[in-house]
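Chain and residue survey
Here is how the chains run, residue by residue.
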Amino acid sequence: MAGLSRSYGVHAYSKWGGAFWRLLSLVDLGVEPGHPGAMAAAEETLEWVASPRRLAEIHKRRIDGRVRRCASQEGRALQACLGVGLRGDARLETLAESLVETQWPDGGWNCDRHAHVTHSSFNETWGPILGLARYGAKDAAARGAEFLLQHRVVFSHRTGEPAHPVMLKIHFPAYWHYDVLAGLRTVAAAIGLSDARASDALALLEAKRRKDGTWRPEGKWWKRPGSKGSNVEVVDWGTAANELLTEQAEGVLGAAGRV
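It should be emphasised that the depicted structure is a prediction, and the values quoted were computed from it without experimental measurement. (Residues numbered from 1 in each chain as written. Predicted model: local features only at pLDDT ≥ 70, side-chain atom pairs only at ≥ 80, totals over all residues. Heavy atoms only, no water.)

1. Examining the overall build of the chain
Here is the rule: Going along the chain from the N terminus, every DSSP run of H or I of four or more residues is numbered as a helix, and every run of E of two or more is numbered as a strand. Every radius of gyration here is taken over C-alpha atoms, with the globule rule written as 2.2 Å times N^0.38, N being the number of residues. Using a 1.4 Å probe on the protein chains alone, a residue whose accessible area is under 20% of its type maximum counts as buried, one over 50% counts as exposed, and one in between counts as partly exposed. In what follows, residue pairs with any heavy atoms lying within 4.5 Å of each other are defined as contacts. Accessibility throughout is a Shrake-Rupley quantity obtained with a 1.4 Å probe, and a residue counts as covered only by protein chains that appear here.
A count of helical and extended segments in the chain gives 10 helices and 2 strands. When the helices and strands of the chain are read in sequence order from the N terminus, they spell out α-α-α-β-β-α-α-α-α-α-α-α. Relative to the 2.2 N^0.38 estimate, which gives 18 Å for 259 residues, the radius of gyration of the chain is 18 Å and therefore close to what a compact globule would have. Dimensions of the chain, computed from C-alpha atoms along their principal axes, come out at roughly 50 × 45 × 35 Å. Put simply, the chain has 259 residues, and 47% of those count as buried. By sequence separation, contacts in the chain at least 24 residues apart represent 66% of the contacts at least 6 residues apart. Carbon together with sulfur atoms contributes 51% to the accessible area of the chain, which is approximately 11,800 Å² in total.

2. Quick word on the layout of surface pockets
Sizing a probe to match a water molecule and rolling it over the atoms shows the empty space that remains. Note the threshold: With a 1 Å grid laid over protein atoms only, a set of points is called a cavity when a 1.4 Å probe fits there but cannot get out and a pocket when it is open yet has protein on both sides within 12 Å along at least five of seven lines; lining residues have an atom within 4 Å of a point. Grid points are joined across faces, edges and corners, and a volume is the space filled by probe spheres set on the points. For this classification, the nonpolar set comprises Ala, Val, Leu, Ile, Met, Phe, Trp, Tyr, Cys and Pro, the charged set comprises Asp, Glu, Lys and Arg, and every other residue, Gly included, is treated as polar.
Looking at the largest pocket, its volume works out to about 470 Å³. What lines the largest pocket is a set of 19 residues, and nearest its centre among them are Asp-28, Gln-79, Arg-134, Arg-185 and Gln-248. Every element with two or more residues in the lining of the largest pocket is listed here: helix H1 (19-28), helix H4 (71-83), helix H6 (122-135), helix H8 (180-190) and helix H10 (240-255). By residue number, the principal contributor to the lining of the largest pocket is H10, which donates 6 residues. Class assignment for the residues of the lining of the largest pocket results in 9 nonpolar, 5 polar and 5 charged.

3. Describing the nonpolar core
Our working definition: For the purposes of this section, nonpolar cores are sets of buried Ala, Val, Leu, Ile, Met, Phe, Trp, Tyr and Cys residues that join through side-chain atoms within 4.5 Å.
Residues Leu-46, Leu-132, Tyr-178, Leu-184 and Leu-205 are the most contacted members of the largest nonpolar core, which totals 71 residues. Those residues in contact with Leu-205, other than ones at most four positions away along the chain, are Ile-170, Leu-181, Leu-184, Trp-215, Ala-249, Val-252 and Leu-253.

If you want it as structure tokens, here you go:
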């Protein structure tokens, strides 16, 4: 079965223990390019996510002119594989071309298969932008960033109110979930943060800084190792989540010249 991990004993996308998620964690931790473990996770991830049969099936999901796909999978895989130093692999080009080909008119992507849905998903859009920006597909990444900026990163373009309350809270790891920090990091990677439409989201992030100068998660998408049910992590992020989240937040504000 494509995606069945040789090293992890589960499918590459199995939450949160599969090779795909371990690869993302290694990138978040700043693993050195070429690290053997990271490269092995990248290979297992690509074996699944870039499978020609899998991608062919995805491209068949065209409804009312739009391909409905969980583009966060291909986008974050592209981002992470490049992040660990994998270059020149034809599968990366295949992923990038597939994402560009299926980008929606508003600049994003969505997996919703209801024909009346014509608005892209925040959750499915930020990963592809990160991947395409790192790959060098600047025009497609900029179109995606424009979609986020039209929403002032986390606000409804119709009402001006928060698009969803959970997006106002910051998390680590984010996995595939979108929030204000994920959005700002994405825009920063694609086109920078000089656009005034990012200012409200930047102010929101600044307001979350604690008196000691750090940021802490306001929620989490994972359970501790040994827990029952779904979304069980293989590591306990503990206080490391605070440090890594702070690093990400400082990086965003630094990119915006607001440190």
